[in-house]
Amino acid sequence: MNRDGARKSIWQEEIKTFSSDAGFDQLFDVAIVGGGITGISTAVRLQKEGKKCIILEAANIGFGTTGGTTAHLNDFFDTTYAQAIKDFGLNNAKLLKYVGIEAKNIIKNNIREYNIDCDFERKTAYIFALDESQARQLDEMVKGSAQVGHQMILTQDIPFPIPFKKAAVVPDQGQFHPIKYIKALMQAFIDLGGVLVEQCLCESHDEQEDQVVLKTTKGEIKAARVIYATHIPPGVNVLHFMNAPYRSYAIAFSIKGDHYPKDLGYDLIDPYHYYRTQEINGEVLLIAGGEDHKTGHAEDTGECFSKLENYVREYFDVETAVYSWSSQYYEPVDGLPYIGVLPGSNGRIYTATGFRGNGMIFGTITSQILGDLILTGSSKYKELFDPGRIKPMAGFTTFVKEQASVAYDFIKDKLFVEKISSLAELKDGEAKVVKYDGSSYAVYKESNGKAHILKSVCPHAQCEVRWNSAEISWDCPCHGSRFNVNGKMLTGPTVKDLQRIETDPSV
Ligand SMILES: Cc1cc2nc3c(=O)[nH]c(=O)nc-3n(C[C@H](O)[C@H](O)[C@H](O)COP(=O)(O)OP(=O)(O)OC[C@H]3O[C@@H](n4cnc5c(N)ncnc54)[C@H](O)[C@@H]3O)c2cc1C
């Protein structure tokens, strides 16, 4: 398995294992933890600028959300310019506009400089409102874009076969194959003298006066600075209370005939659907995404795929669902990412998280922001994305509700955990959190009847995990840690596995 879920994403065949082992006894300038787009883009930048860098990846590159993304490259975001103006002021919203422009330029420059073949294409994006309330929302978006000088223009036509009330067009957007891109960037990093160590989980850090000592499953690593490019920093950090984990679903369909939308599309339903195409093995597939929900909050994650598939089939002339997969992203409390010095650290440790559905762009701009902070001590984006910004400036009420829902779920789980008295009540292929002999266990029975029994308490913050039937994983509803049926950690912030209970093989 080389992605953090059981389903195969459209990009996955491209994931490659790089074999290199470091001389751990040297002092690195920067240790980058995490081999997704954020870690690799940042590592290349720093290595190129003469820093001695090492990337530590718990599994393989692309194992996290970068292997499960849909890789639209946009300069408009889930947090609209209208919202950003309201919450952060016009000047900050204008600054946000440059993130998209600069990140796209970084990607284009990397493609040129390292001669990367990653199916990059310039695309036009269409945003369409399906009812009156969405139309009003779109008007706000267009107005906000105009105020910051971003091009989003109302249009009468869209190339998508979906009836709409109002639509806007955004020129000069893009798409690429994310794994082809990071794989080539990783090769460039190694060619520049960088060191990559895969299958290396970073368990903790000890920040000393002049260096940071990382404790990893492959031994100790010393670096002057550390970057947690792990999508959410590991361990326990205040940022876990500022970001809520969400799952999103994607399906790649084969298409009947030659008439299909070649552009990028987004409706304004909450949660929205998003569309693009991708050629894989000589065939063009339509990738549709949506059905997002808070991690651990869907009764039946398999149903999310059915809903998405039914919705797409209503409008598009598609044939087979060739790939279907889901992945995780993080919603920041005030709508903007946290990129900079890790709160609670003394300034030698950095992180980047809270990208919502725009991490191709925010992960890429992280290379510029953290690169500039480490190389020069300043970045024009430093204040806007400061992870230490004291209190949420916006969205606080919603966030409190989110946290209340987490607390409620925690209590509810404790009180209403299914009361079955023996494992025999589980059917083959089924999974449940069960009460057994006074304790709670996460139990999964394979189709051949073999049971996998784990303690159901997430080691990160002691919440009860929930079953994700779509990705065959146990997901924590509190902060998004995820585990496979053997209890092995798939997704942070946990750095520990679920405790496995050895069973009699005959059970
Ligand atoms: C379904 C879906 C569709 C999306 N579509 C888009 C899109 O169209 N456009 C867009 O811009 N964004 C999109 N996003 C968001 C974007 O994909 C992510 O924000 C981005 O991939 C995050 O990249 P990352 O490198 O920060 O994290 P990841 O790709 O998750 O990488 C983190 C890496 O860190 C490793 N790691 C974790 N903990 C440790 C540890 N303790 N020690 C060592 N290694 C560790 C993991 O194994 C992983 O490989 C989408 C997200 C989802 C869920």
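Scroll up a little and you will see the structure.
Now for a look at the structure at hand.

Parameters at a glance
Residues numbered from 1 in each chain as written. Predicted model: local features only at pLDDT ≥ 70, side-chain atom pairs only at ≥ 80, totals over all residues. Heavy atoms only, no water. Pairing = 2+ DSSP bridges. Helix = DSSP H or I, 4+ residues; strand = E, 2+ residues; numbered from the N terminus. Phe/Tyr/Trp six-rings, centres within 6.5 Å; stacked < 30°, edge-to-face > 60°. Buried < 20%, exposed > 50% of the residue type's maximum accessible area, 1.4 Å probe, protein only. Core = buried A, V, L, I, M, F, W, Y, C linked by side-chain atoms within 4.5 Å. Domains from an automatic or database assignment. Contact = heavy atoms within 4.5 Å. Disulfide = S-S within 2.5 Å. Near = heavy atom within 4 Å. Polar contact = N/O pair within 3.5 Å; in protein donor to acceptor, adjacent residues only side chain to side chain. Areas by Shrake-Rupley, 256 points an atom, 1.4 Å probe, with all protein chains shown as cover.

Our focus in this paragraph is the sheet that holds strand β23 (residues 482-483). Hydrogen bonds along the backbone pair up the strands of a sheet, which may run parallel or antiparallel. Taken together, four strands build an open sheet; the order of strands is β21-β22-β23-β24 and the sheet is antiparallel. Either end of the sheet is taken by a strand with one partner, and the two such strands are β21 (466-468) and β24 (489-491).

Another point: the packing of aromatic side chains. The tally for this structure, following the rule as stated, stands at 17 aromatic pairs. Look at phenylalanine 128 and phenylalanine 160: their rings are 5.5 Å apart centre to centre, the planes differ by 35°, and that puts the pair in the tilted class. Placement of phenylalanine 128 in strand β4 (residues 121-129) and of phenylalanine 160 in the loop between β5 (153-155) and β6 (166-175) is noted, with a sequence separation of 32 residues between them. We note that phenylalanine 128, like phenylalanine 160, is buried. Ring geometry for tyrosine 444 against tryptophan 467: centres 5.1 Å apart, planes inclined by 25°, an arrangement best described as stacked. Taken together, the residues tyrosine 444 in strand β19 (residues 439-445) and tryptophan 467 in strand β21 connect sequence positions 23 residues apart. Judged by its relative accessible area of 18%, tryptophan 467 falls in the buried class.

Of all hydrophobic cores here, the largest spans 82 residues; its most connected members are Tyr181 and Phe385. Inspection of this core shows a minimum of three residues originating in each of domain 1 (23-120 + 176-239 + 333-394) and domain 2 (121-172 + 243-327). In this structure, phenylalanine 385 is in contact with Leu96, Val99, Leu336, Pro337, Tyr338, Ile339, Phe362 and Ile369, ignoring residues within four places of it in sequence.

Tracing the chain through its elements places glycine 35 in the loop between β1 (27-33) and α1 (37-48). Using a relative accessible area of 1% as the deciding quantity, one classes glycine 35 as buried. Residues glycine 35 and tryptophan 11, spaced 24 residues apart in sequence, show a C-alpha to C-alpha distance of 15 Å. Residues within four places of glycine 35 in sequence aside, it is in contact with Ile40, Ile55, Glu57, Ile61, Gly62 and Ile182.

What follows concerns the state of the cysteines. Enumeration according to the criterion identifies one disulfide in this entry. For cysteine 463, the disulfide goes to cysteine 478, at an S-S distance of 2.1 Å. The S-S bond linking cysteine 463 to cysteine 478 shows a torsion near -100°; that makes this disulfide left-handed. A residue pair is termed long-range when its members are at least 10 positions apart, and cysteine 463 in the loop between β20 (451-455) and β21 and cysteine 478 in the loop between β22 (473-475) and β23 qualify at 15 residues.

What follows concerns the site of the ligand. Not every one of the 39 residues close to the ligand is listed here, only the nearest: Thr38, Glu57, Thr66, Thr69 and His72. For the ligand, an oxygen atom lies 2.8 Å from a polar atom in the backbone of histidine 72. The contact in question runs from a nitrogen atom of the ligand to an N or O atom on the backbone of glycine 357, over 2.9 Å. Relative to its unbound accessible surface of 1,000 Å², the ligand loses 97% to contact with the protein. Every element with two or more residues in the shell around the ligand is listed here: α1, β15 (318-332) and α7 (359-376). Inspection of the shell around the ligand shows a minimum of three residues originating in each of domain 1 (23-120 + 176-239 + 333-394) and domain 2 (121-172 + 243-327).

What follows is about the sheet that holds strand β18 (residues 431-436). Spatially, four strands are ordered β18-β19-β20-β25 in an open sheet, and the strand pairing comes out antiparallel. The sheet is open, and its two edges are formed by β18 and β25 (500-501), each paired on a single side. Relative to β20, β19 runs antiparallel, the two being bridged by five bridges. From the neighbouring strand, tyrosine 444 faces β20, where its bridge partner is histidine 452.

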